[in-house]
Amino acid sequence: NAGVTQTPKFQVLKTGQSMTLQCAQDMNHNSMYWYRQDPGMGLRLIYYSASEGTTDKGEVPNGYNVSRLNKREFSLRLESAAPSQTSVYFCASSEGGGQWETQYFGPGTRLLVL
Amino acid sequence: KQEVTQIPAALSVPEGENLVLNCSFTDSAIYNLQWFRQDPGKGLTSLLLIQSSQREQTSGRLNASLDKSSGRSTLYIAASQPGDSATYLCAVLSRGSTLGRLYFGRGTQLTVWP
């Protein structure tokens, strides 16, 4: 069991470039999430997918798009990267998003936008 | 909007000490509260999850308490070890939010020296 995997681990972009962050889980979880972590800000939810085929905005969705490709995979796309999107991005998953559950996190993708 | 605060921001203690990390939240209408551990360059690992109806949870040398009415939680670490060095994050699942949407504190960075 790999748990939650993310690729790439590290990426440098120039302002205006696009890229897709990939996330996959092998725990047969229904719900998946994308967070960003900034110094002094804590983790903030960008988008989530309660189940395959559905996606919803979180706290900071501007500048991002997501795709729930199938039950295993949930990708995050930056169409035109900005320096303000420099951050560490974490993907997480949970069985069904219920109140009794915890979320399982991937190792993160460190993104630097110049 | 739910806000989560963690005090202190950083803590450095000698090995063997018992210590307490604090977490407070502004809206007491929560489903649960979780404590996570984050190692440098790694993702988050769930340590303890306390449901809103519970007062405490224990796992090995860790004990977390919850006082929902006052909006406070503490994480007690007994007989600290250098391997406990990490950042500890508190997160709440608010009743007012979509299930699965966690609100995180900024964390307490713990260093345990031999």
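Coordinates for the structure precede this section.
Here the structure is a predicted model, which is why all the values come from computation and not from measurement.

### Considerations on the side chain of B:Gln2
Residues and elements named next belong to chain B.
Right, so step 1: Within the secondary structure layout, Gln-2 lies in the segment before strand 1 (4-7).
Right, so step 2: There is a polar contact of 2.9 Å between the side chain of Gln-2 and the backbone oxygen of Asp-27.
Right, so step 3: A polar side-chain atom of Gln-2 sits 2.9 Å from a polar atom in the side chain of Ser-94.

### Quick look at the environment of A:Gly96
Residue and element names in this part refer to chain A.
Right, so step 1: Considering the arrangement of structural elements, one finds Gly-96 in the loop between strand 9 (87-94) and strand 10 (104-105).
Right, so step 2: Sequence separation of Gly-96 and Gly-63 is 33 residues, and the distance between their C-alpha atoms is 27 Å.
Right, so step 3: The contact partners of Gly-96, leaving out residues within four places of it in the chain, are Asn-30, Ser-31 and Glu-101.

### Section: the interface of chain B and chain A
Right, so step 1: With 23 residues of chain B at the interface, the matching set in chain A holds 23 residues.
Right, so step 2: With both sides pooled, the region where chain B packs onto chain A buries about 1800 Å², and carbon together with sulfur makes up 52% of that total.
Right, so step 3: With a closest N to O distance of 2.6 Å, B:Lys1 and A:Glu59 form a salt bridge.
Right, so step 4: Elements that contribute at least two residues to the side of chain B that touches chain A include exactly strand 4 (30-38), strand 5 (44-51), strand 9 (86-94) and strand 10 (102-104) of chain B.
Right, so step 5: Ranked by the residues each element gives to the side of chain B that touches chain A, the list is headed by strand 4 of chain B, at five residues.
Right, so step 6: The class makeup of the residues in the side of chain B that touches chain A is nine nonpolar, 10 polar and four charged.

### Some details on the packing of aromatic side chains
Right, so step 1: Following the criterion strictly, the structure yields seven aromatic pairs over all chains and no others.
Right, so step 2: Taking 5.5 Å as the distance between ring centres and 35° as the angle between the ring planes, the aromatic pair formed by A:Tyr35 and A:Phe105 counts as tilted. With A:Tyr35 in strand 4 (residues 31-38) and A:Phe105 in strand 10, the pair connects residues that are 70 residues apart, well separated along the chain. Here A:Tyr35 matches A:Phe105 in class, with each residue buried.
Right, so step 3: Look at A:Tyr64 and A:Tyr89: their rings are 5.9 Å apart centre to centre, the planes differ by 65°, and that puts the pair in the edge-to-face class. A residue pair is termed long-range when its members are at least 10 positions apart, and A:Tyr64 in strand 7 (residues 64-68) and A:Tyr89 in strand 9 qualify at 25 residues.
Right, so step 4: You can call A:Tyr64 buried: its relative accessible area is 4%.
Right, so step 5: A:Tyr89 sits in the buried class, given a relative accessible area of 0%.
Right, so step 6: Through a chain of ring-to-ring contacts, three or more aromatic side chains come together here, namely A:Tyr33, A:Tyr35, A:Phe105, B:Phe36 and B:Phe104.

### Regarding the pairing of strand 3 (residues 19-25) of chain A
Residues and elements named next belong to chain A.
Right, so step 1: Taken across its seven residues, strand 3 has five buried, putting it largely inside the fold.
Right, so step 2: As judged from the four bridges shared by strand 1 (residues 4-7) and strand 3, these two strands associate in the antiparallel manner. What sits directly across from Thr-7, in strand 3, is Gln-22.

### Digging into the pairing of strand 3 (residues 19-25) of chain B
Residues and elements named next belong to chain B.
Right, so step 1: Here strand 3 shows a buried face lined by Leu-19, Leu-21, Cys-23 and Phe-25 and an unburied face lined by Val-20, Asn-22 and Ser-24.
Right, so step 2: Here four bridges tie strand 1 to strand 3, and the two strands are oriented antiparallel to one another. Bridge assignment links Thr-5 to a residue of strand 3, and that residue is Ser-24.
Right, so step 3: Pairing of strand 3 with strand 8 (residues 72-77), which is carried by six bridges, proceeds in the antiparallel orientation. Bridge pairing in strand 8 places Leu-19 opposite Ile-77.

### Focus: the state of the cysteines
Residues and elements named next belong to chain B.
Right, so step 1: Considering all chains together, one arrives at two disulfides over all chains under this definition.
Right, so step 2: Bridging Cys-23 to Cys-90, the disulfide has an S-S length of 2.0 Å. Handedness here is read from the sign of the S-S torsion; for Cys-23 and Cys-90, about -65°, the answer is left-handed. One end of the pair, Cys-23, is in strand 3; the other, Cys-90, is in strand 9, and 67 residues separate them in sequence.

### Some words on the sheet that holds strand 6 (residues 56-59) of chain B
All names here are of chain B.
Right, so step 1: Here five strands make up an open sheet; going across it, the order is 1-3-8-7-6 and the pairing antiparallel. Each end of this open sheet is capped by a strand with a single partner; those strands are strand 1 and strand 6. Between one strand axis and the next, the sheet turns through 15° on average, direction left out of account.
Right, so step 2: As defined by bridge partners, strand 6 adjoins strand 7 (residues 62-67) across four bridges and the pair is classed as antiparallel. Following the sheet pairing, Glu-56 is matched in strand 7 by Ser-65.

About the criteria used
- Residues numbered from 1 in each chain as written.
- Chains lettered and ligands numbered in written order.
- Predicted model: local features only at pLDDT ≥ 70, side-chain atom pairs only at ≥ 80, totals over all residues.
- Heavy atoms only, no water.
- Helix = DSSP H or I, 4+ residues; strand = E, 2+ residues; numbered from the N terminus.
- Polar contact = N/O pair within 3.5 Å; in protein donor to acceptor, adjacent residues only side chain to side chain.
- Contact = heavy atoms within 4.5 Å.
- Buried area = accessible area lost by both parts, 1.4 Å probe.
- Salt bridge = Lys/Arg side-chain N within 4 Å of Asp/Glu carboxyl O.
- Nonpolar A, V, L, I, M, F, W, Y, C, P; charged D, E, K, R; others polar.
- Phe/Tyr/Trp six-rings, centres within 6.5 Å; stacked < 30°, edge-to-face > 60°.
- Buried < 20%, exposed > 50% of the residue type's maximum accessible area, 1.4 Å probe, protein only.
- Pairing = 2+ DSSP bridges.
- Disulfide = S-S within 2.5 Å.
- Axes fitted to C-alpha atoms, helices over the stretch in contact; angles between N-to-C directions.

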